[in-house]
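Inside the fold
Residue strings, one per chain:
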Amino acid sequence: MAATGNEEQTLLPDIEEEAEGMEREMESEEEEEEERMGVEHSEEEDGDTSEDERENEAEIQRLEEQLSINVFDYNCHVDLIKLLRQEGKLHRLRKARQKMSELFPLTEEIWLDWLKDEIRLTEEESEREKVYELFERAVKDYLCPEIWLEFVQYSIGGMGAQGGIERVRSIFERALTAVGLHVTKGASIWEAYREFEIAILSTVQPPPGSVPTPEQQKLLSDQIERIHTLFRRQLAIPLMDMEGTYAEYSDWADDGVPETVTHQYRRALKQMEKCKPNEEALLVSEPPKLAEYQSYIDFEIKEGDPARVQIIFERALAENCLVPDLWIKYTTYLDRQLKIKELVLSAHERAVRNCPWTMGLWKSYLLALERHGADHQTVTDVFEKALNAGFIQATDYVEIWQSYLDYLRRRVDFSKEWSRELDELRAAFTRSLDYLKQDVEERFSESGDLSCTIMQIWARIEALHCKNMQKARELWDSIMTKGNAKYANMWLEYYNLERSYGDAAHCRKALHRAVQCTSDYPEHVCEVLLSFERVEGSLEDWDAAVQKTETKLNRVNEQRARVAEKEAVIARQEEDKAEHKRRAKADKKAQKKGQKANRAGDKRKAEDELEDEWGDEAELPSKKHKGDGEDAVELMETESGLFGRRPPPQRKNEPPGYRKNQQGSTEAPRQTQDTSQEQRKEDNSVFISNLAFNLEDPEGKLRAIFQSCGTIQQVRCVFTPKGAFKGYCYVQFEDRLAVSEALKLDRQEVNGRPMFVSPCVDKNKNPDFKVFKYNTSLEKHKIFISGLPYSCTKETLEELCKGHGTIKAIRIVTNRSGKPKGLAYVEFENEAQASQAVLKMDGTTVENFTISVAISNPPGRKMDDKAAPSRILGAAMPRQLHGARGKGRTQISLLPRSLYRQSAPDAKTENGTVSAPHSTVTDGVHGGSGTTTLETQTKTLSNEDFARMLLKK
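Okay, so let's go over this structure. (Residues numbered from 1 in each chain as written. Predicted model: local features only at pLDDT ≥ 70, side-chain atom pairs only at ≥ 80, totals over all residues. Heavy atoms only, no water.)

The secondary structure content of the chain amounts to 33 helices and 12 strands. Scored against the burial criterion, the 953 residues of the chain give a buried share of 39%. The contacts of the chain with a sequence gap of at least 6 include a subset with a gap of at least 24, amounting to 62%. (Helix = DSSP H or I, 4+ residues; strand = E, 2+ residues; numbered from the N terminus. Buried < 20%, exposed > 50% of the residue type's maximum accessible area, 1.4 Å probe, protein only. Contact = heavy atoms within 4.5 Å.)

Structure follows, in structure tokens:
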């Protein structure tokens with residue numbers, strides 16, 4: 001028991017001596033801090049301090065002005081507090097800290113700095129209460145053992161006052177409740193508590209050799225029992241270094257450790273062994289350790305100790321305070337398991353302070369307040385704060401209004417004909433509709449309630465509880481005028497309301513209007529009308545309903561027929577257009593083949609003459625064996641173009657500068673001509689595109705650019721058959737590690753044009769491979785800015801956005817030539833900063849351009865549902881097989897459909913290869929060794945026969 005009355009007064013001198021000793025230790029630390037600060041100040045005085053002070057004052061004024069514009073700028077608050085503390089401006093510093101604490105929960109570092117500054121300035125006893133109040137605010141933000149330890153140490157300094165010892169013990173007990181279960185840091189509170197009680201024990205012990213009075217003996221035994229109790233309580237909890245505490249208790253206890261304490265200690269030790277893997281995972285992982293904390297939380301929930309579950313949640317939130325899902329999980333657990341009012345409401349209040357942009361947290365907070373019987377004004381105040389929280393979606397405002405209206409509806413006693421609560425509910429419904437129409441639509445360009453859900457609920461309440469169908473009908477008339485009259489489900493919802501609480505006349509009227517206005521499912525509402533008249537109507541009503549429905553359905557069928565006819569006309573036009581393109585392409589190809597055959601004939605004639613001159617023994621390098629196919633020079637296809645073919649010789653009448661990059665365009669083919677397909681390694685290569693067509697010596701330029709990435713094995717530039725550069729290349733390295741370095745050069749400018757560098761991947765083998773490296777889904781921490789001037793740079797955007805949070809990346813969208821498109825993406829550190837940037841930047845002006853700012857949520861790519869005309873025309877044609885050289889230049893069959901016949905399964909080509917059963921006549925490329933053949937039923941057609949067939953009418 002504690003000392004009271006005169007007994008306590010007799011102990012005060014000794015206790016005050018102990019307190020003074022503790023205070024002297026604290027004062028020595030403070031003096032060292034002041035001396036350090038004094039040294040820093042003296043060093044500044046040696047220089048030009050006046051100039052530094054003017055600069056700091058200007059920066060302070062700038063930060064204060066910025067906060068007057070955007071009071072939710074967290075980083076600006078931190079910078080201002082830091083600068084004011086450095087300058088020693090105490091009054092302004094207190095004001096800045098107070099303002100920030102009202103808006104945000106403060107971190108452990110900010111609170112400790114604030115508390116130490118206030119403790120250092122506290123001289124009179126009357127001012128200690130203000131510090132106590134400050135500590136009370138500090139321990140509510142996050143679970144911080146360091147703040148609790150500072151709190152109890154400060155309270156020890158005031159234990160000499162009336163009731164001071166009991167106050168210290170009360171603070172220690174609260175600290176143990178809050179952080180005593182903290183596995184790694186809770187032991188420090190227990191040890192401080194024991195040291196405090198042991199210090200008191202030394203003051204109540206009688207001097208050696210004296211006989212204690214009965215009162216002193218009782219005080220002594222009570223104090224010893226307190227220390228025993230602290231040891232027993234601590235040893236029953238799994239904490240780090242439990243073995244040391246047990247050994248300390250063994251030395252301290254004269255009679256040894258009781259068996260019950262040993263049993264509890266061993267049980268706690270086993271529990272500690274279970275927790276060790278999770279604690280070790282937290283120890284070795286990097287902040288914020290969210291995954292490790294999630295695993296630890298699941299473990300403690302499975303163990304089933306609510307106090308331990310709470311402490312691990314608090315530890316996780318101290319490092320992940322801006323993760324809404326973690327707050328939702330914590331508050332849900334408290335709502336369903338602990339159900340302690342103070343604890344639950346405190347957690348909800350801290351959740352919305354940390355993540356105010358999350359509507360679900362505000363919704364849960366309102367429900368928790370109602371569940372625990374909070375007064376009406378408190379619930380209303382929380383709701384008003386939610387409206388000012390800055391949600392990022394219009395639908396969030398609809399949901400928070402629905403939650404508040406549900407709360408107001410549950411307060412109304414509908415058994416009374418009139419009540420103040422009913423008037424308040426109706427006023428709230430009216431206000432919600434005005435708020436969504438004005439405030440929400442002004443910000444999001446939509447109300448968020450397209451189906452008018454709030455108005456539907458209001459109408460149902462008026463009909464069901466208030467028996468006021470006139471008001472319900474007025475509300476439904478308003479709903480239909482907001483673009484919902486074309487939907488059958490809306491009319492049927494209104495019909496069901498009239499069916500339940502109205503009369504048959506209004507039901508019939510609603511269904512007739514539905515038949516007249518519905519455009520999505522008219523057959524359904526017609527069927528409902530006829531079913532209603534079968535049950536309720538007279539013969540005249542039935543005839544009117546039949547006539548109404550028949551007229552409606554006939555009109556709908558006519559409209560559908562017109563639409564189908566229009567679509568058919570469009571499809572025929574597209575088909576004719578595609579057929580015309582195919583014919584033009586076929587004629588052009590036939591013309592080119594005729595010219596090619598003439599050139600081949602001239603070449604063969606020249607070779608024959610040369611053979612006659614040198615004799616039959618000479619074999620020309622350009623001449624093919626009979627089994628190799630035609631005499632024409634074969635073109636070798638690369639991954640996506642032609643290379644390896646030498647450009648035609650320069651004409652005599654061409655001017656000297658006719659081919660500016662002729663040398664650069666021929667060297668690469670000559671070098672790559674000797675490179676076999678087997679030597680190419682896709683894993684060691686990158687694909688370079690978006691290069692200028694007039695780029696001089698592309699191989700040399702690319703070698704110079706990529707030589708820093710690794711040893712280059714070859715550069716394969718792609719050219720047209722005439723030798724013109726096609727704007728893309730392949731760079732192959734000897735080492736695969738060089739590819740990752742090469743990919744870092746993506747978007748580097750080459751001759752004023754951004755060069756695209758991507759992995760070299762065969763799309764036939766990897767059809768799902770995507771080169772686009774940016775996310776195409778919702779990213780709440782990233783904003784999208786449109787309407788920017790084309791002259792806007794990254795530096796301009798950084799200056800524009802840095803006042804709203806920490807910027808991680810800026811990307812300006814450009815076209816293929818590298819010119820900006822007036823669009824940009826800015827990535828912030830978290831969702832809160834991005835949402836604030838949207839609030840403050842949307843609609844602002846940059847160089848006389850009004851910009852639009854929104855959370856990054858790119859729309860999905862729309863796929864064309866229309867079938868390609870070529871697919872329709874070629875549906876009955878046999879599937880084409882690719883030869884050894886891959887795809888041909890065209891996938892359109894050039895053979896008239898009347899000539900198509902299924903070949904025999906075992907038919908053989910001219911060179912003896914067996915064709916697959918399904919591989920009939922294609923566009924001329926057969927699955928052989930590169931020969932050009934056409935199979936008919938009995939004989940093989942020559943190129944001349946093929947050309948004559950195409951030229952027939």
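Still more ground to cover, so stick around.
Take the sheet that holds strand β6 (residues 756-759) next. Here we have four strands laid out as an open sheet, ordered β2-β3-β1-β6, and antiparallel in their pairing. Of all the strands in the sheet, the pair left with one neighbour each is β2 (712-719) and β6. Each adjacent strand pair in this sheet contributes to an overall mean axis angle of 25°, direction not counted. Pairing of strand β1 (residues 685-689) with β6, which is carried by four bridges, proceeds in the antiparallel orientation. (Pairing = 2+ DSSP bridges. Axes fitted to C-alpha atoms, helices over the stretch in contact; angles between N-to-C directions.)

As summarised here, the arrangement of the four strands in space is β8-β9-β7-β12, forming an open sheet in which the pairing is antiparallel. Among the strands making up the open sheet, the edge pair consists of β8 (807-814) and β12 (852-856). Strand-to-strand, the axes of this sheet are offset by a mean angle of 25°, without reference to chain direction. Where β8 and strand β9 (residues 820-828) come together, seven bridges link them in antiparallel fashion. Across the sheet, the residue bridging to isoleucine 810 is valine 826, located in β9. Against the sheet, helix α30 (residues 794-801) engages β7 (779-786), β8 and β9, with an angle of about 135° to β8. Sheet contacts for helix α31 (residues 831-841): β7, β9 and β12; angle to β7, the most-contacted strand, approximately 25°.

Take the packing of helix α5 (residues 108-121) against helix α7 (residues 145-156) next. Contact geometry of α5 with α7 gives a least axis separation of 10 Å together with a crossing angle of 15°. As summarised for this structure, α5 and α7 are arranged roughly parallel, according to the angle between their axes. The interaxial crossing formed by α5 with α7 has left-handed handedness. Where α5 approaches α7, its residues Glu108, Trp111, Leu112, Leu115, Lys116 and Ile119 are matched on the opposing element by Glu146, Ile147, Glu150 and Tyr154. For the contact of α5 with α7, the class distribution of residues is six nonpolar, no polar and four charged. (Parallel < 35°, antiparallel > 145°, perpendicular 65-115°, else oblique. Left-handed = near helix turned anticlockwise from the far one by under 90°. Nonpolar A, V, L, I, M, F, W, Y, C, P; charged D, E, K, R; others polar.)

Overall, the coordinates contain 46 salt bridges when judged by the stated rule. Between arginine 174 and glutamate 136 there is a salt bridge, with its nearest N and O atoms 2.7 Å apart. Separated by 38 residues along the polypeptide, arginine 174 in helix α8 (residues 164-179) and glutamate 136 in helix α6 (residues 128-141) bring together distant segments of the chain. For aspartate 335, the salt bridge goes to arginine 371, with nearest N and O atoms at 3.9 Å. Of this pair, aspartate 335 sits in helix α15 (residues 324-338) while arginine 371 sits in helix α17 (residues 359-371); the two residues are 36 residues apart in sequence, bridging distant segments of the chain. The exposure class of aspartate 335 is buried, given its relative accessible area of 16%. (Salt bridge = Lys/Arg side-chain N within 4 Å of Asp/Glu carboxyl O.)

Taken together, Glu191, Glu195, Asp241 and Glu243 make up a surface patch of like negative charges. Mapped onto the elements of the fold, glutamate 195 is located in helix α9 (residues 186-204). (Patch = residues over 30% accessible without salt bridge, like charges linked within 9 Å, V, L, I, M, F, W, Y side chains within 5 Å. Areas by Shrake-Rupley, 256 points an atom, 1.4 Å probe, with all protein chains shown as cover. Lys, Arg positive; Asp, Glu negative; His and termini not counted. Charge placed at Lys NZ, Arg CZ, Asp CG, Glu CD.)

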